[in-house]
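Structural description and commentary
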Amino acid sequence: MNIEQLINRDAEKYSPYMGSLINHLPMVKYALYHITNDINKVEIYVEYYLNKYNIDKVKENYEQVNSIEECLGKIDLYEACLDLIREISKEEDIEKLAGSILNKYNLGLSSDIFHTTIRLSYAIEGYRLDKKLKPEVERALAYYITGYKAGNLFKRKIIKEDVIIEMNKLMQDEEFKEIRNSYLTLGQKLKKLYKNERFLKEGFIIEGNEEEKVKGILQILIPAFYNSNSIIMLHCITGLQAVITLKDYFKDYAVALDILTTTALTHLLTQKDLDIKTQNTTLDESWEVVINKASKSKDIHTIKLAYTNKKLYDCFKVSDLKFITNKRIKLEK
């Protein structure tokens, strides 16, 4: 069995949803295969995952829909949306369809804590290697649509060198701090921040090219994660890498990175344990050693973070990415 067969076999039976949680199986399969190149290791992990978690199976009986708009943000319409996507992709190239959906609904990049974008990025990357993974792209697009929740886009631009100063201002703002420290749910906090006109005015995006934007936001995301080990912080990083993977599908990739920045910062500003102070991140171990340790983990997020961070490092050479991968592994023990 190869990775295409393994992904398509289980993903065809299961929904992207797992009660109120997310089915990570298609993503962790690809990530683990990518960092190990060992299909047997992936199969062993799949057996473990299926025994440990109860994933929603796809519905057999459901009403049909006539448009993507009908399905937007409606998780109960996943199966109907998938049927529609498959019909459309018979006539339209699947990559063009992915681009069309991403550009029309680009404010949804952070939906389900970035999972919709992350799964699509894994699917696209797999499809580029093996066209038989087209069904996974179709499933990922149906998930992106049905899981859609709109974020927002800041307009104020700052230079990369001012990122920490400006983030500290947002963190210390009494009005925003009150929202962050409240007992509202994540979704309620996000809505409250996105509806706050002053927040939208004070929030920022980063001037410059891809490298400046990515390295600028990583100045915040990396310490936010290593000071908390928060799943929210982790997914802001894996979401960033997902947008980078999908860069060729955006008409304006710079705007996509700005939406990622806006939504990632807003997600961070909902977290009570937000701390962006720097630590000593010296780590003598090689990437090879760290990746090998991650490949032995049973934790889906550790595996995905290792995959994500190595890809980010290969592109942008930010050494702290290795440190946070290793720290995540150590915190499992």
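Quick caveat, the model's predicted, so the values are computed rather than measured.

1. Concerning the overall build of the protein chain
The secondary structure content of the protein chain amounts to 18 helices and 4 strands. Its C-alpha radius of gyration of 19 Å places the protein chain within 12% of the 20 Å reference for a compact globule of 333 residues. In terms of principal-axis extent, the alpha carbons of the protein chain reach across some 50 × 45 × 40 Å. Expressed as a percentage of the 333 residues in the protein chain, the buried residues total 55%. Surface accessibility of the protein chain: about 14900 Å² in total, with carbon and sulfur atoms responsible for 48%. Distance between charge centroids for the protein chain: 3 Å, based on 50 positive and 49 negative side chains.

2. What about the pattern of salt bridges?
Two side chains of opposite charge can pair, provided their charged atoms sit close to one another. Applying the stated criterion across every chain, the model contains 26 salt bridges. Here glutamate 12 and arginine 86 are joined by a salt bridge, their closest N and O atoms 3.0 Å apart. Separated by 74 residues along the polypeptide, glutamate 12 in the loop between helix 1 (3-11) and strand 1 (17-18) and arginine 86 in helix 5 (residues 78-91) bring together distant segments of the chain. Owing to a relative accessible area of 37%, glutamate 12 belongs among the partly exposed residues under this scheme. Taking the shortest distance from any N to any O, the salt bridge between aspartate 275 and lysine 277 comes out at 3.8 Å. For lysine 277, a relative accessible area of 60% corresponds to the exposed category.

3. Some thoughts on the nonpolar core
Judged by nonpolar contacts, the single largest core of 112 residues is most densely connected at Ile101, Leu141, Met167, Leu240, Leu268 and Leu274. Of all the elements, helix 13 (residues 210-226) adds the most residues to this core, at 9 residues. Once you skip the residues sitting within four places of it in the chain, leucine 274 turns out to touch Met167, Met171, Arg180, Ala224, Met233, Leu268 and Leu269.

4. Overview of the layout of surface pockets
Looking at the largest pocket, its volume works out to about 740 Å³. Together, 27 residues line the largest pocket, and Ser111, Asp112, Ile113, Lys149 and Leu186 are the ones closest to its centre. Considering every element that reaches the lining of the largest pocket, the biggest residue donor is helix 11 (residues 186-194), with 5 residues.

5. Let's talk about the environment of glycine 126
Tracing the backbone shows glycine 126 in helix 7 (residues 115-129). Judged by relative accessible area, glycine 126 falls into the buried class, the value being 2%. Measuring from C-alpha to C-alpha, the distance between glycine 126 and isoleucine 7 comes to 9.7 Å, with 119 residues separating the pair along the chain. Apart from the residues lying within four places of it in its own chain, the contact partners of glycine 126 are Tyr30 and Leu133.

6. What to know about the packing of helix 9 (residues 163-172) against helix 13
For the pair helix 9 and helix 13, interaxial distance at closest approach is 10 Å and the crossing angle is 50 degrees. Classified by the angle their axes make, helix 9 and helix 13 are oblique. Taken as a pair, helix 9 and helix 13 cross one another with a handedness that is right-handed. Contact with helix 9, carried on its side by Val163, Ile164 and Met167, involves Gly216, Gln219 and Ile220 of helix 13 and no other residues of that element. Looking at the contact of helix 9 with helix 13 residue by residue, the classes come out as 4 nonpolar, 2 polar and no charged.

7. Here we look at the side chain of histidine 267
Tracing the chain through its elements places histidine 267 in helix 15 (residues 253-268). Non-local contacts of histidine 267, meaning those with residues more than four positions away in its chain, are made with Ser110, Ile113, Phe114, Leu186, Leu190, Ile232 and Cys236.

8. Looking at the environment of arginine 180
Within the secondary structure, arginine 180 is located in helix 10 (residues 174-180). On a C-alpha basis, the gap between arginine 180 and lysine 160 in space is 25 Å, while along the polypeptide they are 20 residues apart. Arginine 180 has contacts with Leu170, Met171, Lys189, Leu268, Leu269, Thr270, Gln271, Lys272 and Leu274, leaving out every residue within four places of it along the chain. Polar side-chain contacts of arginine 180 include one of 3.0 Å to the backbone oxygen of methionine 171.

9. Quick word on the packing of helix 5 against helix 6 (residues 94-104)
Interhelical geometry of helix 5 versus helix 6 gives an angle of 125 degrees and a closest axis separation of 8 Å. One way to sum up the angle between helix 5 and helix 6 is to call them oblique. Seen from above, helix 5 lies across helix 6 with right-handed handedness. Facing Ile85, Ile88 and Ser89 of helix 5, the residues of helix 6 in contact are Ile94, Leu97 and Ile101. When grouped by side-chain class, the residues that make up the contact of helix 5 with helix 6 number 5 nonpolar, 1 polar and no charged.

10. Considering the side chain of histidine 115
Relative to the elements of secondary structure, histidine 115 occurs in helix 7. On the basis of relative accessibility, which here comes to 4%, the residue histidine 115 falls in the buried class. Here the side chain of histidine 115 touches histidine 235 through a polar contact of 2.9 Å, side chain to side chain. Apart from residues lying up to four places away in sequence, histidine 115 is in contact with Ile22, His24, Met27, Tyr143, His235 and Lys304.

Rules and cut-offs
Residues numbered from 1 in each chain as written. Predicted model: local features only at pLDDT ≥ 70, side-chain atom pairs only at ≥ 80, totals over all residues. Heavy atoms only, no water. Helix = DSSP H or I, 4+ residues; strand = E, 2+ residues; numbered from the N terminus. Rg over C-alpha atoms; globule rule 2.2 N^0.38 Å. Buried < 20%, exposed > 50% of the residue type's maximum accessible area, 1.4 Å probe, protein only. Areas by Shrake-Rupley, 256 points an atom, 1.4 Å probe, with all protein chains shown as cover. Lys, Arg positive; Asp, Glu negative; His and termini not counted. Charge placed at Lys NZ, Arg CZ, Asp CG, Glu CD. Salt bridge = Lys/Arg side-chain N within 4 Å of Asp/Glu carboxyl O. Core = buried A, V, L, I, M, F, W, Y, C linked by side-chain atoms within 4.5 Å. Contact = heavy atoms within 4.5 Å. 1 Å grid on protein atoms, 1.4 Å probe; cavity = no way out; pocket = protein on both sides within 12 Å on 5 of 7 lines; lining within 4 Å. Points joined across faces, edges and corners; volume = space filled by probe spheres on them. Axes fitted to C-alpha atoms, helices over the stretch in contact; angles between N-to-C directions. Parallel < 35°, antiparallel > 145°, perpendicular 65-115°, else oblique. Left-handed = near helix turned anticlockwise from the far one by under 90°. Nonpolar A, V, L, I, M, F, W, Y, C, P; charged D, E, K, R; others polar. Polar contact = N/O pair within 3.5 Å; in protein donor to acceptor, adjacent residues only side chain to side chain.

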